[in-house]
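What follows is the residue order along each chain.
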Amino acid sequence: MKFPLTRDQHLELYYYMRLNRSLEEHMVRLFRQNKIVGGLYSSLGQEATSVGTTCALERRDWMAPMIRNLGGLLVKGVAPRAIFAQHMARYTSPTLGKDGTSHFGDLENLHIVSPISMLGDLIPVMAGLAIAGRYLGQKIVAMTWIGDGGSSTGAFHEGMNFAASQGAPLVLVIENNQWAYSTPVGRQVPVKNLADRAKAYGVNSYIVDGNDVVAVYQTAKEAVERCRAGEGPVVIEAKTMRMKGHAQHDPADYVPKEMVDYWQALDPIARYEKYLTEKKLWDSKVKADMDAQIERLILEEQEAAESAPFPPPELAEQGVYCDGCHEIKARWERPIKEVTPPGASVKPEWKVEGLGGMDEAAAITRLTAGNSSGDGARRATVKPAKKSRPAGRAKVPAHLKGRR
Ligand SMILES: Cc1ncc(C[n+]2csc(CCOP(=O)(O)OP(=O)(O)O)c2C)c(N)n1
Ligand SMILES: [Mg+2]
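Residues numbered from 1 in each chain as written. Chains lettered and ligands numbered in written order. Predicted model: local features only at pLDDT ≥ 70, side-chain atom pairs only at ≥ 80, totals over all residues.

Asker: Help me out: how do you make sense of the environment of Ala82 in this one?
Answerer: You can see Ala82 is positioned in helix α4 (residues 80–87). Through-space distance from the C-alpha of Ala82 to that of Arg59 is 19 Å; in sequence the pair is 23 residues apart. In this structure, Ala82 is in contact with Ser93 and Pro94, ignoring residues within four places of it in sequence. (Helix = DSSP H or I, 4+ residues; strand = E, 2+ residues; numbered from the N terminus. Contact = placed C-beta atoms within 7 Å.)

Asker: Sorry, what's going on with the packing of helix α2 (residues 47–54) against helix α7 (residues 213–228) here?
Answerer: What describes two packed helices is the angle between their axes and the distance between those same axes. Two elements in contact, α2 and α7, have axes separated by 8 Å at closest approach and are oriented at 35°. Crossing handedness for the pair α2 and α7: right-handed. For the pair α2 and α7, contact is made by Ala48, Thr49, Val51, Gly52 and Thr53 and by Val213, Val216, Tyr217 and Ala220, respectively. The residue makeup of the contact of α2 with α7, split by class, is six nonpolar, three polar and no charged. (Axes fitted to C-alpha atoms, helices over the stretch in contact; angles between N-to-C directions. Left-handed = near helix turned anticlockwise from the far one by under 90°. Nonpolar A, V, L, I, M, F, W, Y, C, P; charged D, E, K, R; others polar.)

Asker: For this particular structure, what's the right way to read the sheet that holds strand β2 (residues 142–147)?
Answerer: What the five strands build is an open sheet, ordered β1-β2-β3-β7-β6; its pairing is parallel. Of all strands in the sheet, those bounded by a partner on one side alone are β1 (62–64) and β6 (204–209). With direction set aside, neighbouring strand axes in the sheet form an average angle of 20°. Taken together, the six bridges between β6 and strand β7 (residues 234–239) define a ladder with parallel strand orientation. For Ile207, the partnering residue across the bridge sits in β7 and is Glu237. (Pairing = 2+ DSSP bridges.)

Asker: Help me understand the site of ligand 1 in this model?
Answerer: Taken together, 16 residues lie near ligand 1, and Leu119, Gly147, Gly149, Gly150 and Ala180 sit nearest. Here the shell around ligand 1 is built from residues that sort into five nonpolar, seven polar and four charged. (Near = placed C-beta within 6 Å.)

Asker: What should I look at first to understand the nonpolar core in this one?
Answerer: As a rule of thumb, nonpolar side chains are buried together in soluble globular proteins. In terms of nonpolar packing, the biggest core is built from 76 residues, with Leu13, Met126, Ala142, Leu170, Val171, Val213 and Ile236 touching the most fellow members. Per element, the largest residue contribution to this core is eight residues, and it comes from α7. If we skip the residues at most four places from it in the chain, Val171 touches Val141, Met143, Ala220, Ala223, Val224, Cys227, Val234 and Ile236. (Core = buried A, V, L, I, M, F, W, Y, C linked by C-beta atoms within 7 Å. Buried ≥ 20, exposed ≤ 12 C-beta atoms within 10 Å, placed from the backbone.)

Asker: Could you clarify how one ought to interpret the domain arrangement of the chain in this entry?
Answerer: Interface size is commonly expressed as the accessible surface area that is lost when the partners come together. Considered domain by domain, the chain is made up of domain 1 (7–317) and domain 2 (349–400). Each of domain 1 and domain 2 was reduced to a C-alpha centroid, and the two centroids are 46 Å apart. (Domains from an automatic or database assignment.)

Asker: Hey, could you run me through the packing of helix α1 (residues 7–32) against α2 in this one?
Answerer: The interhelical angle for the contact between α1 and α2, taken along N-to-C directions, is 135°, at an axis separation of 9 Å. In this view, α1 runs oblique relative to α2, as classed from their interaxial angle. The handedness of the crossing between α1 and α2 comes out as right-handed. Taking contact as the criterion, the partners of Leu13, Tyr16, Met17, Asn20 and Arg21 in α1 are, on α2, Glu47, Ala48, Ser50, Val51 and Gly52. Class assignment for the residues of the contact of α1 with α2 results in five nonpolar, three polar and two charged. (Parallel < 35°, antiparallel > 145°, perpendicular 65-115°, else oblique.)

Asker: Is there a simple way to explain the confidence of the model for the chain in this structure?
Answerer: Low pLDDT means the predicted atomic positions in that stretch should not be read closely. Of the residues in the chain, 91% have a pLDDT of 70 or more, and the chain-wide mean is 91. This stretch, residues 374–394, has a pLDDT under 50; its non-local contacts, to residues over four places away or in other chains, come to 18 contacts. (pLDDT = per-residue confidence, 0-100.)

Asker: Looking at this structure, I do not really get the environment of Gly149. What am I missing?
Answerer: Summarising the element assignment, Gly149 is placed in the loop between β2 and α6 (154–166). Here the alpha-carbon distance between Gly149 and Trp179, two residues 30 residues apart in the chain, equals 7.3 Å. Setting aside its immediate chain neighbours within four residues, Gly149 contacts Leu119, Ala180, Thr183 and Gln188.

Asker: How should I be thinking about unusual backbone geometry in this particular structure?
Answerer: Residues other than glycine predominantly adopt negative phi, and peptide bonds predominantly adopt the trans conformation. A positive phi is found at Ala89, a non-glycine position, where the angle reads about 55°. Locating Ala89 in the fold gives a position in the loop between α4 and α5 (122–135). Ala89 gets classed as buried once you count the C-beta atoms within 10 Å, which come to 20. With a phi close to 55°, Lys280 is a non-glycine residue in the positive phi region. Checked against the element boundaries, Lys280 lands in the loop between α9 (268–278) and α10 (284–306). Accessibility expressed as a C-beta count within 10 Å gives 8 for Lys280, which makes it exposed.

Asker: Hey, could you run me through the pairing of β7 in this one?
Answerer: It is a general feature of regular strands that their side chains alternate between the two faces of the sheet. Counting buried residues along β7, six of its six residues qualify, which places the element largely inside the surrounding structure. Burial of β7 is two-sided: the residues Val234, Ile236 and Ala238 facing one way and the residues Val235, Glu237 and Lys239 facing the other way are all buried. Bridge analysis of strand β3 (residues 170–176) against β7 gives six bridges, and the strand direction is parallel. Looking at β7, one finds that Leu172 is bridged to Val235.

Here you go:
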C-alpha cells in the first residue's frame, strides 16, 4: 500500500460509508412520508467512491459535490442534520429552507462549492478555483465529480482543456455508474474506458474499482499528491454501479437483472466488512458498536431537523440578489509579490516550443545547422506586443494594403 492506513483510518472509511448509507435509508423513509420536498437521489452502491475520494482531501482543499456525493459531504464535515434539514426545506438548513435538495455549499469553513444542476459546469469552475488557489499561494487541491453521462457535455471538455492548459491542481472523478437516466454508458460513449478521455488533453488518469474503498482512497490520495506537487490535473474513472433508479420516481426496470445481481455481489460495504474482518482490523463487537453509534446519531440528527421550523414567508423575497451581505476578498497566504509576476514561477514572457509542422525534426536540423547556439530557431521568445492595435481591427497583410 503506497499510503498506509492506520487502523483508525480504516475504521473511519467504514464509518463514513455506513453513515452515508444509513442517512440515505432514513431519507427514503422521509420521502415516502412526503416530508422530503425536493428530488432525492441515491448513492447506494457508490459509497466507496464518494467517501474514498473525499478522504484523500485535506481540510484546506476544496470540493464541489454532485448528486451522489452525500458521503463526501459527511467526510468534509457537513452534519447529517444539515442534510436532513436541507431536503425537508427547514429554516435551519444551509439554504434556510429555500432549496429542497442538495444545492448548498460552505465557502467559509468547509470549502465546499455548491453543486449546480447543469452537468459538467462545475469542472471549469473548480479549475478556476484551483488556479486561484495557486495564485494566492494556498497550495490547495480542488476536487469535483461527474457522471458517465455528464462526461459527454461540452462543459466537461472545455473544463478539461482549460484545467490541462493551465496545469490546474484539479482532481476530476468520473463516477462511471453505468447509467445516465435510462441510457447505458455503452450507448452514449464510444470508448470503453472514460478515463481515456483524459488522454485527449494530455492529462494523467487512473481507472479504479469504485466499489473497493481502499483502492479508491489510494488512487485519490496519489492523484491529490501529484496535483499538490504541481503535476497538473488528474482524472480518475471509478467503475461502479447506480443500484437504484435515477431518483425516487424511477423504478429502473430497464436495468437487466443479471447486471444488478453482478454488482450486488460487489457491494462496497459488504466487501469492506469482509476485508476488515480478514485483516483483523475489527471484530463483531467493534462493528456492532459502530453501527449502533451511527444509528443513534442519525436518529438524533433527523429528530433535530424534523422539529425545526419552515422558513418565514417573507424570506422568499430576501437574499435573491446580493445587497452587500458579503464581502468578496481574496485571501493571500503568501506575500503578493512572491506569487505575482515578476516574482511568480509563471513568467510574463514565454518561449514558443517547436515549430508545429509535420516535418518538424528535419526542419529544426535544417534551421539550426547555421546557428551556433542551436537554440535560436527552435525557441522564439514571445513578448507582449509593444503597441497594440485598436481592439477589433485586424492587422492588414502587406499584399492587401491599400485595397480596403
Ligand atoms: C447539461 C445538462 N444536461 C442534461 C441534464 C439533465 N440530467 C440531469 S441528471 C442526468 C443524467 C446524468 O447521468 P450521469 O452523468 O451518468 O450521472 P448519474 O445520474 O448516473 O450519477 C441528466 C441527463 C442536466 N442536468 N444538465
Ligand atoms: Mg451515470
